[in-house]
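Residues per chain, in single letters:
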Number of protein chains: 2
Amino acid sequence: MPAIDGDRLLKDLYAAREIGKYKTGVHRPTFSPQDIEARHWLAGRLTEARLDTSIDGIGNVYGRDPTPGRKLLTGSHMETQNHAGWLDGAMGVIYGLETARTLGRGIDVATWADEEGHFGSFIGSRSFCGLLTEQEIDVCANRETGTSLRDALRQAGFSGRPRQKVDTARYRGYLEAHIEQGSDLEDHHLRLGIVTAIVGSRRYRIQFKGQQNHAGTTRMAARKDAGVALVKLVAGIEDRFPAIAGPRTVWTTGDIRLDPGAASIVPGGAELVFQFRDTDPATLDALDATLNELLAEAAKGPCEVSVAYRSTTAPSAMDSGFQHALTAAAQSHAPGLHQPMPSGAGHDAQILSQMLPSAMLFVPSIGGISHHYSENTRDEDIVLGCQVFADAAAAILAKG
Amino acid sequence: MPAIDGDRLLKDLYAAREIGKYKTGVHRPTFSPQDIEARHWLAGRLTEARLDTSIDGIGNVYGRDPTPGRKLLTGSHMETQNHAGWLDGAMGVIYGLETARTLGRGIDVATWADEEGHFGSFIGSRSFCGLLTEQEIDVCANRETGTSLRDALRQAGFSGRPRQKVDTARYRGYLEAHIEQGSDLEDHHLRLGIVTAIVGSRRYRIQFKGQQNHAGTTRMAARKDAGVALVKLVAGIEDRFPAIAGPRTVWTTGDIRLDPGAASIVPGGAELVFQFRDTDPATLDALDATLNELLAEAAKGPCEVSVAYRSTTAPSAMDSGFQHALTAAAQSHAPGLHQPMPSGAGHDAQILSQMLPSAMLFVPSIGGISHHYSENTRDEDIVLGCQVFADAAAAILAKG
């Protein structure tokens with residue numbers, strides 16, 4: 001198997017870190033000037049690597065191998081969360097670039113727009129897979145600034161261009177590398193994770209309606225305290241979910257708000273956002289059923305309860321042949337220092353896997369830190385990961 | 001006993017409602033133009049009633065009976081909560097005015113500044129009782145606008161004036177009437193409440209510090225979820241307080257905040273404001289001890305817990321002789337339609353009771369509504385209350 005150029009790889013990653021540099025990380029929100037600069041910078045690197053390069057109408061950057069034959073699609077994303085890490089996304093893209101340079105042929109590289117969700121949900125990879133309508137583009141807007149996606153694309157110079165769609169006959173499949181964003185590899189002194197599946201999730205916004213009242217003069221028996229009703233639901237979740245959850249299930253109450261939220265007023269309204277994730281659809285269904293039971297119990301109390309928003313993402317199984325290729329490459333370069341593992345975070349591979357055989361490779365995150373400028377991975381782990389990625393890509397392509 | 005003039009009483013209350021009128025209520029925050037207008041309007045009414053009238057350096061309005069002999073001090077407040085009711089405060093002041101007019105002598109009338117706490121805590125009545133330092137005035141500021149109390153007093157034209165202090169030799173005691181702000185009288189088809197004590201309270205701001213993390217990649221066992229720690233504390237309170245509480249104890253978690261409060265982030269911080277109230281110091285102590293036990297249990301969990309703010313207000317017992325006078329007057333005008341009851345809300349009488357024998361009379365609040373523009377009391381209940389108030393005042397003064 002050909003050897004990657006570790007210095008070249010790291011030099012490109014360091015160069016990318018300078019674009020929107022923030023402390024030891026980067027700040028490149030989708031379609032910010034820094035993100036646009038990063039896309040053009042990457043297009044330049046792809047062109048240097050003798051790939052046909054283009055940026056499409058949703059902001060995806062493509063480098064296509066112009067030679068004949070089936071290709072392996074690689075990629076990830078260049079934009080980041082606010083004031084976030086330097087490797088989250090960029091590493092996967094540069095792995096693709098370095099693999100294309102190393103193998104010489106057979107590799108396409110894609111940079112998907114807005115994996116981080118500043119404007120929507122996986123709009124770049126969904127556009128490529130034919131899963132994003134013009135109507136959805138019309139309504140997407142930046143969650144912080146309110147700028148519409150249409151305006152952002154116009155300002156970036158990308159509007160009016162066609163949106164590229166996947167040619168399933170061209171591709172053998174899709175391969176993506178990413179930092180783990182957790183500490184499981186580090187905790188077990190491992191250097192590589194081969195993703196078995198990307199978790200599915202269920203997300204809810206749950207509202208309670210009680211009666212706002214004076215906290216001094218309203219007797220306990222007469223109260224309809226929306227905050228207490230909310231707390232009892234969350235306590236019920238914490239009480240009952242562990243028995244139903246799988247070993248890697250996670251559930252999170254990410255936000256709670258009481259209305260009006262004043263010291264001496266019995267809350268008349270309360271709201272929470274809640275989510276859980278697992279790779280097993282049956283586990284997700286069982287947890288959803290338990291939540292519905294808890295909601296039914298809550299509805300017997302003094303407050304009204306309603307689910308204002310509910311969304312579902314199905315788990316995405318990774319291709320077993322690709323997993324074998326990744327495992328064999330890992331075993332060759334780091335014997336015994338790799339493991340199969342689920343991905344608790346979402347990635348573009350969960351979209352691509354709907355159209356192409358797909359797989360993912362993880363490298364360790366130091367201290368498990370993610371979405372923070374102090375996110376990091378050891379240089380030797382970055383280089384090792386890319387070699388394993390390139391070997392697996394070569395093996396997959398060799399199968400034709 | 002002399003009869004009050006119910007039409008004159010209602011006419012004054014209706015006139016006061018026009019100052020800062022908002023829908024069916026009023027909006028007169030402390031030292032707003034509307035509040036200042038209301039203070040000057042009241043000063044005019046007091047002068048018409050042949051009382052010596054003044055406004056002091058904290059904004060209290062006084063009408064003093066210029067005749068010799070001991071006096072009964074009456075009063076309440078003219079400012080309101082935002083967009084609140086027309087009777088909360090104003091009724092007690094106008095009861096004092098009408099009683100002064102009816103009895104002809106022996107009644108002083110006071111309007112305490114900022115009972116509603118826009119700038120501080122009972123600053124008007126505490127100033128009168130010698131319990132407010134210049135240093136505290138220096139640091140008070142409007143909770144919404146940030147305007148300093150000094151600036152507000154200057155803009156109102158009250159700064160530089162002396163602050164009047166209670167002359168305990170002058171007064172037989174203090175009597176205050178108020179709307180109930182709850183539905184206990186209405187629920188029991190009663191028309192008058194004789195306050196036995198004003199509740200004491202304990203107030204806390206409690207903070208949890210955990211570790212912010214990715215909600216998809218952080219295993220449950222590795223989490224330090226500040227939101228879950230908070231929910232378990234509040235659930236523990238709801239579980240254990242009922243067994244310790246007295247029949248009229250109230251406790252309230254008025255606000256909860258999670259940090260950063262995002263759907264896919266395990267909260268690294270969480271904060272709640274909590275309070276409880278009762279008339280019995282032993283009950284307050286027992287609840288405080290239970291809360292401390294729950295905090296100690298919480299501290300054994302994965303998150304740090306701390307009490308960032310803690311305040312205590314002692315219960316205030318009302319004078320038993322004054323209660324007898326109010327009860328006798330109530331029985332004379334509304335036989336069987338009155339009850340002794342605690343005040344769950346705070347009132348200036350809890351401050352005055354530290355210096356003078358004090359008591360309070362409640363009239364029903366329709367639907368128990370308070371601190372909302374739809375707050376109301378039936379006209380016949382307003383008139384009945386004032387007659388009972390005046391009779392009790394006359395009886396107290398008759399005892400010398």
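Residues numbered from 1 in each chain as written. Chains lettered and ligands numbered in written order. Predicted model: local features only at pLDDT ≥ 70, side-chain atom pairs only at ≥ 80, totals over all residues.

## Points about the overall build of chain A
Short version of the rule: The secondary structure listing takes helices from DSSP runs of H or I that are at least 4 residues long and strands from runs of E that are at least 2 residues long, numbered from the N terminus. Around each residue's C-beta, the other C-beta atoms within 10 Å are counted; 20 or more make the residue buried, 12 or fewer make it exposed, and counts in between make it partly exposed. All C-beta atoms are placed from the backbone. In this description, any two residues whose backbone-derived C-beta atoms lie within 7 Å of each other are considered to be in contact.
Of regular secondary structure, chain A possesses 12 helices and 17 strands. By residue count, 53% of the 400 residues in chain A fall in the buried class. Considering only residue pairs separated by 6 or more positions, chain A has 77% of its internal contacts joining residues 24 or more positions apart.

## Structural notes on the domain arrangement of chain A
Size of an interface, as often reported, equals the accessible area lost when the parts are brought together. Quick note on the threshold: Note that the domain bounds were set by an automatic or database domain assignment.
Partitioning chain A into domains gives domain 1 (6-199 + 315-398) and domain 2 (201-313). The centre of domain 1 of chain A, based on its C-alpha atoms, is set 36 Å off from the matching centre of domain 2 of chain A.

## With respect to the sheet that holds strand E11 (residues 250-259) of chain B
Residue and element names in this part refer to chain B. Keep this limit in mind: A pair of strands is considered paired only if DSSP assigns at least 2 bridges between the two. Between the N-to-C directions of two axes lies an angle of 0 to 180 degrees, each axis being a line fitted to C-alpha atoms and, for a helix, fitted only over the stretch in contact.
If you walk across this open sheet you meet the four strands as E11-E13-E9-E14, and the pairing is antiparallel. Each edge of the sheet is formed by a strand with only one pairing partner; in this case those strands are E11 and strand E14 (304-313). Strand-to-strand, the axes of this sheet are offset by a mean angle of 15 degrees, without reference to chain direction. As paired strands, strand E9 (residues 200-209) and E14 are joined by nine bridges and run antiparallel to one another. In the sheet register, Phe-208 faces E14, and the bridge partner there is Val-305.

## Some points on the relation of the copies chain A and chain B
As a reminder, the rule being used: Superposition of the copies was done by least squares, using only C-alpha atoms of residues whose pLDDT is at least 70 in both.
Mapping chain A onto chain B calls for a rotation angle of 180 degrees and an axial translation of 0.0 Å; the resulting RMSD is 0.1 Å. Overall, the copies show the geometry of a two-fold rotation axis. Within chain A, the C-alpha atom positioned nearest to the axis of rotation is that of Val-231 of chain A, 2.9 Å from it. A high fraction, 98%, of the interface residues of chain A reappear at the interface in chain B, so the copies pair face to face through one surface.

## With respect to the interface of chain A and chain B
Cut-off, in case you're wondering: Note on residue categories: nonpolar means Ala, Val, Leu, Ile, Met, Phe, Trp, Tyr, Cys or Pro, charged means Asp, Glu, Lys or Arg, and polar means any other residue, Gly included.
Residue-level contacts link 43 residues of chain A with 43 residues of chain B. Looking at the side of chain A that touches chain B, the elements with two or more residues in it are helix H8 (226-244), strand E11 (250-259), strand E12 (265-266) and strand E13 (269-278) of chain A. Looking at the side of chain A that touches chain B residue by residue, the class counts come to 17 nonpolar, 18 polar and eight charged.

## Things to note about the sheet that holds strand E9 (residues 200-209) of chain A
Residue and element names in this part refer to chain A. Strand order in this open sheet of four strands is E11-E13-E9-E14, and the pairing throughout is antiparallel. Both outer strands of the open sheet, E11 and strand E14 (304-313), are each paired with one neighbouring strand and no more. Averaged over all adjacent pairs, the angle separating strand axes in this sheet is 15 degrees, with direction ignored.

## Digging into the packing of helix H1 (residues 6-17) of chain B against helix H12 (residues 379-398) of chain B
All names here are of chain B. Rules: For classification purposes, an angle smaller than 35 degrees is called roughly parallel, one larger than 145 roughly antiparallel, one from 65 to 115 roughly perpendicular, and anything else oblique. Crossings are classed by handedness, with left-handed meaning an anticlockwise turn of the near helix from the far one by less than a right angle and right-handed meaning a clockwise turn.
For the pair H1 and H12, interaxial distance at closest approach is 10 Å and the crossing angle is 115 degrees. By the criterion of interaxial angle, the relationship of H1 to H12 is roughly perpendicular. Helix-helix and strand crossings are classified by hand; for H1 and H12 the assignment is right-handed. Contacts from Gly-6, Leu-9 and Leu-10 in H1 reach Asp-379, Ile-382, Val-383 and Cys-386 in H12.

## Some remarks on the pairing of strand E17 (residues 358-363) of chain B
All names here are of chain B. Of all the six residues making up E17, six are buried; the element is thus mostly covered by neighbouring parts of the structure. Alternating positions in E17 separate into two faces, Ser-358, Met-360 and Phe-362 on one and Ala-359, Leu-361 and Val-363 on the other, with burial throughout. Pairing between strand E7 (residues 171-179) and E17: six bridges, direction parallel. Counted as the bridge partner of Tyr-174 is Ser-358 from E17. The pairing of strand E8 (residues 192-198) with E17 spans two bridges and is antiparallel.

## Thoughts on unusual backbone geometry
A cis geometry characterises the amide bond from Asp-259 of chain A onward to Pro-260 of chain A, with omega recorded as 5 degrees. The backbone of Asp-114 of chain A shows a phi angle near 65 degrees, a positive value even though the residue is not glycine. As for its position among the elements, Asp-114 of chain A is in the loop between strand E6 (107-111) and helix H4 (123-128). Positive phi values are uncommon outside glycine, yet His-371 of chain B reaches one of about 55 degrees. Relative to the assigned elements, His-371 of chain B resides in the loop between E17 and H12.

## A closer look at helix H9 (residues 281-299) of chain A
What sets the pattern is the α-helix's 3.6 residues per turn: residues three or four places apart point alike. Test applied: Each residue after the first adds 1.5 Å to the expected span of a helix.
Taking 1.5 Å as the rise per residue, H9 of chain A with 19 residues should run 27 Å; its terminal C-alpha atoms sit 27 Å apart, in good agreement. In this structure, the buried side of H9 of chain A is in contact with E9, H8 and E13 of chain A.

## Re the environment of Gly-25 of chain B
Residue and element names in this part refer to chain B. By the secondary structure assignment, Gly-25 is in strand E2 (residues 25-26). For Gly-25, a count of 23 C-beta atoms within 10 Å gives the class buried. Gly-25 sits 185 residues away from Gly-210 along the chain, and the two C-alpha atoms are 45 Å apart. Apart from residues lying up to four places away in sequence, Gly-25 is in contact with His-83, Ala-84, Gly-85, Trp-86, Tyr-373, Ser-374 and Glu-375.

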